[in-house]
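What follows is each chain in one-letter form.
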Amino acid sequence: METLDCAHRILVSGCSSGESIEPLSAFQCPTCRYVISLNHRGLEGLKRNVTLQNIIDRFQKASLSGPNSPSESRRDRPYRPSPTMSVSGERISCQFCEQDPPRDAVKTCITCEVSYCDRCLRATHPNKKPFTSHRLVEPVPDAHFRGLTCLEHENEKVNMYCVADDQLICALCKLVGRHRDHQVASLSDRFEKLKQTLETNLTNLVKRNSELENQMAKLIQICQQVEVNTAMHEAKLMEECDELMEIIRQRKQVIAVKIKETKVMKLRKLAQQVANCRQCLERSTVLINQAEHILKENDHARFLQTARNVAERVAMATASSQVLIPDINFNDAFENFALDFSREKKLLEGLDYLTAPNPPSVREELCTASHDTITVHWISEDEFSVSSYELQYTIFTGQANFISLYNSMDSWMIVPNIKQNHYTVHGLQSGTRYIFLVKAINQAGSRNSEPARLKTNSQPFKLDPKMAHKKLKISNDGLQMEKDESSLKKSHTPERFSGTGCYGAAGNVFIDSGCHYWEVVVGSSTWYAIGVAYKSAPKNEWIGKNSSSWVFSRCNNNFVVRHNNKEMLVEVHPQMKRLGVLLDYDNNALSFYDPANSLHLHTFEVSFILPVCPTFTIWNKSLMILSGLPAPDFIDYPEQQECNCRPQESPYVSGMKACH
């Protein structure tokens, strides 16, 4: 109504005094300067501004509704879903036409949210600002561009997101609705976050699906292989059983022949005995008849004349019958023959297919080592089904990916055909970690144990008396050195230590690989230097005062580490009686420890270029060497060590006066 009044005032202001307004057919819009044509209805025939009317209607409804209004409550008002998208080819009418039915729309203004026919579009969107910025698209259904509507405020589009309730809301919900105190986010921010999350999850899901597809392909391949192997094993089973039955058939035939042959032999022997008995019986019967006939003779002369010959024959027949009649042997009746296949039946009942043995397990607690050997012990659950073992080993290089190391089999040494559950490997590098695998083998296949890391002991050594200072006394076992001012009979040689005020000695080995640990019992000595040096290090000065030696030193109450005449103080318990030295040549490190207290004192990082020799220098008392030792457990876990280095203002200071 207010808009109509405004148009009436404009029309009246454009007329001259006393002129009637009815005959006027057009006037100019003050906003867009477009000339508005009037029909026979005059101002009543003007087209309605649908966009403005929608805005007015929405705010009027919003002003009547409140956060507690039952009519606007989400709980009480039934949900009316937005119209569904129209299918292609649906007729879209102009929303600005007054005629009935309205004309077909040719464009939809996204800005106005109204579809226009060609005539209404020209009337409402002249080629002037601000209409030139309106976005016109092909006609679309109303629900398509209006988007989702608010559930609590009818015809209000959602334009923000309530974080607290996790739902879409409109501006009125935040201003006057139940979400006014809730945290909200813009749709674009929420869109980006949710889109990013969805894309990430989708990527992971696609990746997972790819992994599942690969896994499924492998499973299908395994299923196919199972089918192939099953057919092969079934054919092998039939072949083996046929061979067994053939063996049984052949053995049956052989045994049956043996039985028949034994039967014939025994019957032939018995038949001969029967014939002999029959012959003897016939002769005896004739002789008996003759004797009985003679016994009937009563004439003594005739009896004596005929009976004498018969009596002799009867006596001879009686005597010979004891020899000719054989003893009956009941074994000839074939009763001591038996067919006992119970053992074979048990074997047949135990017939089954053979599987690869279970992986053996290396018993690291039973394994032993020296400086150049390692004895590996293992156990197997299927010991009786294992035909042999195979031992594989290689130097542990610190590779994190064991699979890549295992695949490079060229670097592995293999010991085949081991029958026991232990084996000693000789010729190993001292102070070196190795990886060992044990493979259990039978006709069905083989399986490997888990890898076991074992280490050879450090290189053992003794003090070399040929290099010791003339004022040092070296024990017969070469493990102890002691200052001895009276020992001056030794001849001087270029390799012998010859410094004044310091008495040095060296080990009888030069180390160029591996990890080696030894300890030095310093006892009550208060002036010593212990470390390593190249062969070229000067012999006429304290070790550590040149670039070819690295030492830990005590000078009265000062404990220092020294290299190239530079020193750094180290905090050490003054009553320390043993010093541990760890030379990791392969990793370019020389470390010193207090083994009694499991403390790390200092580590030199050295790029060794030549073999090094253990070196010792004392001023008073004596030192004792303990070499070839395994590294203590606390050294294997460097994260548990404490470094007690206490640098001065500069990391190193020039040589201490007290050590000169």
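Residues numbered from 1 in each chain as written. Predicted model: local features only at pLDDT ≥ 70, side-chain atom pairs only at ≥ 80, totals over all residues. Heavy atoms only, no water.

The name that an unreviewed UniProt entry assigns to the protein is RING-type E3 ubiquitin transferase, with the source organism given as Callipepla squamata. Taken verbatim from the UniProt record of the protein, the Sequence similarities (unreviewed entry) comment is "Belongs to the TRIM/RBCC family." Recorded in UniProt under Subcellular location (unreviewed entry), the annotation for the protein is "Cytoplasm". (UniProt positions renumbered as here; feature names shortened; annotations may be inferred.)

This part takes up the pattern of salt bridges. According to the stated counting rule, one finds 15 salt bridges in the structure shown. Linking E390 and K439 is a salt bridge whose minimum nitrogen-to-oxygen distance equals 3.7 Å. Of the two residues, E390 is situated in strand 12 (residues 388-395) and K439 in strand 15 (residues 433-442); the sequence distance between them amounts to 49 residues. By the burial criterion, E390 is buried, and K439 matches it. The residue R578 makes a salt bridge to E519 at a minimum N-O spacing of 2.4 Å. (Salt bridge = Lys/Arg side-chain N within 4 Å of Asp/Glu carboxyl O. Helix = DSSP H or I, 4+ residues; strand = E, 2+ residues; numbered from the N terminus. Buried < 20%, exposed > 50% of the residue type's maximum accessible area, 1.4 Å probe, protein only.)

Below, the discussion takes up the sheet that holds strand 3 (residues 107-109). In spatial order, the strands read 4-3-5; together these 3 strands make up an open sheet with antiparallel pairing. Only two strands of the sheet have a single neighbouring strand rather than two, namely strand 4 (114-116) and strand 5 (136-137). In the sheet, strand 3 pairs with strand 4 via 3 bridges, with the strands oriented antiparallel. Bridging across to strand 4, C109 finds its partner in V114. (Pairing = 2+ DSSP bridges.)

Moving on: the pairing of strand 22 (residues 527-534). Here strand 22 lies mainly inside the structure; 8 of its 8 residues are buried. Here strand 22 shows no split at all, with W527, A529, G531 and A533 on one side and Y528, I530, V532 and Y534 on the other all buried. Two strands pair when backbone bridges link them, and strand 22 and strand 29 (residues 612-618) are joined in this way by 7 bridges, in the antiparallel orientation. Bridge pairing links A529 to T617 in strand 29.

The feature "coiled-coil region" (unreviewed entry), as given by UniProt, occupies residues 195-229 in the numbering adopted here. Helix makes up 100% of residues 195-229 and strand 0%, and the two end C-alpha atoms of the span are 49 Å apart.

Let us look at the side chain of H125. Inspection of the secondary structure puts H125 in the loop between helix 3 (118-124) and strand 5. Looking at H125, its side chain comes within polar contact range of the side chain of T124, at 2.9 Å. Side chain to side chain, H125 and H134 meet in a polar contact 3.2 Å long. Excluding residues within four positions of it along the chain, H125 makes contact with C109, C112, Y116, F131 and H134. (Polar contact = N/O pair within 3.5 Å; in protein donor to acceptor, adjacent residues only side chain to side chain. Contact = heavy atoms within 4.5 Å.)

With that settled, consider unusual backbone geometry. A cis amide bond, omega 0°, links D100 with the succeeding residue P101. Inspection of the secondary structure puts P101 in the loop between helix 2 (50-64) and strand 3. A cis amide bond links K129 with the next residue in sequence, P130, at an omega value of 5°. Residue position: P130 is located in the loop between helix 3 and strand 5. A positive phi is found at N564, a non-glycine position, where the angle reads about 55°. The class for N564 is partly exposed, based on a relative accessible area of 38%. Its identity is not glycine, yet N565 carries a phi of approximately 65°, on the positive side. Mapped onto the secondary structure, N565 falls in the loop between strand 24 (558-563) and strand 25 (566-569).

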